[in-house]
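Residues per chain are reported as follows:
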Amino acid sequence: MKKILKIVLATSLLGTVVQANEKREVVVSKFKHQATTITPLSITEFEIKDKNGNTKVVNLKGKKFVVVSVSEPGSEGKSYAVDEDGTIWWVDKISSGAYGGHETPNGIFPIILKRRYHMSAAHPSASGINNMDFEMLFTNQGHALHLGNTRALSHGCIHVGRKDVEAMFKWVDLKTKVVIMRGNYGQFLKQELKGFQKDIESYDKSR
Amino acid sequence: MGKISKTLLTNMTLITGLLLTACTSSGPSLENAYIYNGINFGGDRDESFKQGVRDACRTAEGDYTKDHDLFKTNESYRIGWEDGRLQCKGK
């Protein structure tokens, strides 16, 4: 009887371990191709860690760039436009690549092409209506910011709503960088707005 | 009777005074105020400040506008731009 109990107990424990391993495997497989992690240190500074654990800090001070915090749990689903003065001047809601191999890769990329009108070659729409208008391409694999439904995940691109994409498209140029990251960036916007408030108060006091 | 009239007169004066005070605005003064987009950006603002406000409010509408040189060197312009960014919001 005791032996049977031991066998039952051991089997159930083994099952739990296998289940836990399966869960862990699923989590790993979601992010296994995210070889790079990007951690923002300030509005303009980013720590980049590669797959070997090597880290470096990139400072985009003096450059204009767009930060995308992807639409995944633990991230914001927002993008932030930062100008040459390090001012976050625009924030919008976005959606990014879906789980299962379409996740938008982390990294700092240059905008390599701007196209006002475009239809995806890899995923053309059945309706024949352009599905990548206001395209701002940032990888050779076809990743781009473009007009899209922000409530639907993508094949890896960043979907931006109409008013937002119009503002962004007009502003970016081929020197603009795109930072794709997991995690939060909104804390810097809060800091910036508080700083503005303080600046205005001290300006008024000094007059 | 005279005492009652005196008390009544005093009370009436007090009530009238209170009513008049209640009608007075306690918000920021509109004297010399710079109003843009229906927002009061304060009094005695110089032209650089006003330019900063106008640029930031345009930016808030999605048309990015900023004089980077003035933003770095002219305090009034910078504060105006920051105030416009805060109050015109947009985003």
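Counting of residues starts from 1 at the beginning of each chain's written sequence and follows it residue by residue. Going through the entries in the order they are written, you letter the chains from A and number the ligands from 1. For this predicted model, a pLDDT threshold of at least 70 governs which residues receive local features, and a threshold of 80 or more governs which side-chain atom pairs are given and counted, while totals over whole chains, interfaces and linings are taken from all residues.

A. Structural context of the interface of chain A and chain B. The interface of chain A with chain B comprises 18 residues on the first partner and 14 residues on the second. Secondary structure follows DSSP: runs of H or I at least 4 residues long count as helices, runs of E at least 2 residues long count as strands, and numbering of each begins at the N terminus. Of all the elements in the fold, those that place two or more residues in the side of chain A that touches chain B are β6 (88-95), α2 (162-171) and α3 (186-205) of chain A. Here the residues of the side of chain A that touches chain B are counted per class, giving 9 nonpolar, 1 polar and 8 charged. Residues are treated as contacting if the C-beta atoms built from their backbones sit within 7 Å of each other. Here the term charged refers only to Asp, Glu, Lys and Arg, the term nonpolar to Ala, Val, Leu, Ile, Met, Phe, Trp, Tyr, Cys and Pro, and the term polar to all other amino acids, Gly among them.

B. Seen up close, the sheet that holds strand β4 (residues 65-69) of chain A. All names here are of chain A. As summarised here, the arrangement of the 9 strands in space is β7-β12-β4-β5-β6-β11-β10-β9-β8, forming an open sheet in which the pairing is mixed. The outermost strands of the open sheet, each flanked by one partner alone, are β7 (107-110) and β8 (113-115). Across this sheet, the average inter-strand angle for adjacent strands is 25°, counted without regard to direction. Strand pairing is assigned whenever DSSP detects at least two bridges linking the two strands. Sheet analysis places β4 next to strand β5 (residues 78-82), joined by 5 bridges and oriented antiparallel. The residue of β5 that forms the bridge with Phe65 is Val82. Packing of α3 onto the sheet brings it into contact with β5 and β6, and relative to β6 it is tilted by some 150°. Lines fitted to C-alpha atoms define the axes, with helix axes restricted to the stretch in contact, and inter-axis angles between N-to-C directions lie between 0 and 180 degrees.

C. Here's a closer look at the pairing of strand β3 (residues 55-59) of chain A. All names here are of chain A. Along β3, only 0 of the 5 residues are buried, which leaves the element largely exposed. In this sheet, β3 lies alongside strand β2 (residues 45-49) in antiparallel orientation, the contact comprising 5 bridges. Bridge assignment links Phe46 to a residue of β3, and that residue is Val58. Connecting β2 to the next strand, β3, in antiparallel fashion are 5 residues, including Gly53 with a positive phi near 90°. Backbone-placed C-beta atoms define the burial measure: a residue is buried with 20 or more other C-beta atoms within 10 Å of its own, exposed with 12 or fewer, and partly exposed in between.

D. Broad picture of the sheet that holds strand β1 (residues 37-40) of chain A. Residues and elements named next belong to chain A. Spatially, β1-β2-β3 is the arrangement adopted by the 3 strands of the open sheet, whose pairing is antiparallel. The open sheet terminates on both sides in strands that have one partner only, identified here as β1 and β3. Taking the axes of each pair of neighbouring strands and ignoring which way they run, one obtains an average angle of 25° across the sheet.

E. Structural view of the confidence of the model for chain A. Across chain A, the average pLDDT comes to 86, with 83% of residues at 70 or higher. The predictor's confidence in any single residue is recorded as pLDDT, a number from 0 to 100. Note that pLDDT drops below 50 for residues 7-32 of chain A; the model gives that stretch 1 contact with residues more than four away or on any other chain.

F. Representation of helix α2 (residues 47-60) of chain B within the structure. With 14 residues, α2(B) extends 20 Å between its outermost C-alpha atoms, agreeing within 8% with the 20 Å of an ideal straight helix rising 1.5 Å per residue. Along α2(B), the residues that are buried comprise Phe49(B), Gly52(B), Val53(B), Asp55(B), Ala56(B), Cys57(B), Thr59(B) and Ala60(B). Against β6 of chain A together with β1 (33-36), β2 (39-43) and α4 (75-87) of chain B lie the buried residues of α2(B). Two residues or fewer past α2(B), Gly62(B) is found with a positive phi of approximately 105°. What a helix should span is 1.5 Å times the count of its residues minus one.

G. Molecular detail of the pairing of β1(A). Where β1(A) and β2(A) come together, 4 bridges link them in antiparallel fashion. Paired with Thr39(A) across the bridge in β2(A) is Glu47(A).

H. Highlighting unusual backbone geometry. All names here are of chain B. Although it is not a glycine, Asn37 adopts a positive phi angle of roughly 55°. Within the secondary structure, Asn37 is located in the loop between β1 and β2. Positive phi is not limited to glycine here, since Asp44 has a value of about 55°. On the basis of neighbour count, Asp44 is assigned to the exposed category, with 10 C-beta atoms found within 10 Å.

I. Representation of the confidence of the model for chain B within the structure. Looking at chain B as a whole, its pLDDT mean stands at 82, while 66% of the residues score no less than 70. The low-confidence segment residues 20-26 of chain B, where pLDDT is below 50, has 0 contacts with residues more than four positions distant or belonging to other chains.

J. Here's a closer look at the packing of α2(B) against α4(B). Residues and elements named next belong to chain B. Two elements in contact, α2 and α4, have axes whose closest approach is 6 Å; the angle formed by their N-to-C orientations is 35°. The two elements α2 and α4 cross, and the hand of that crossing is right-handed. Counting all contacts with α2, which are made through Ser48, Phe49, Lys50, Gln51, Gly52, Val53, Asp55, Ala56, Cys57, Thr59 and Ala60, the residues of α4 involved are Ser76, Tyr77, Arg78, Ile79, Gly80, Trp81, Asp83, Gly84 and Arg85. Handedness of a helix crossing follows the sense of rotation of the near helix relative to the far helix, less than a right angle counterclockwise being left-handed and clockwise being right-handed.

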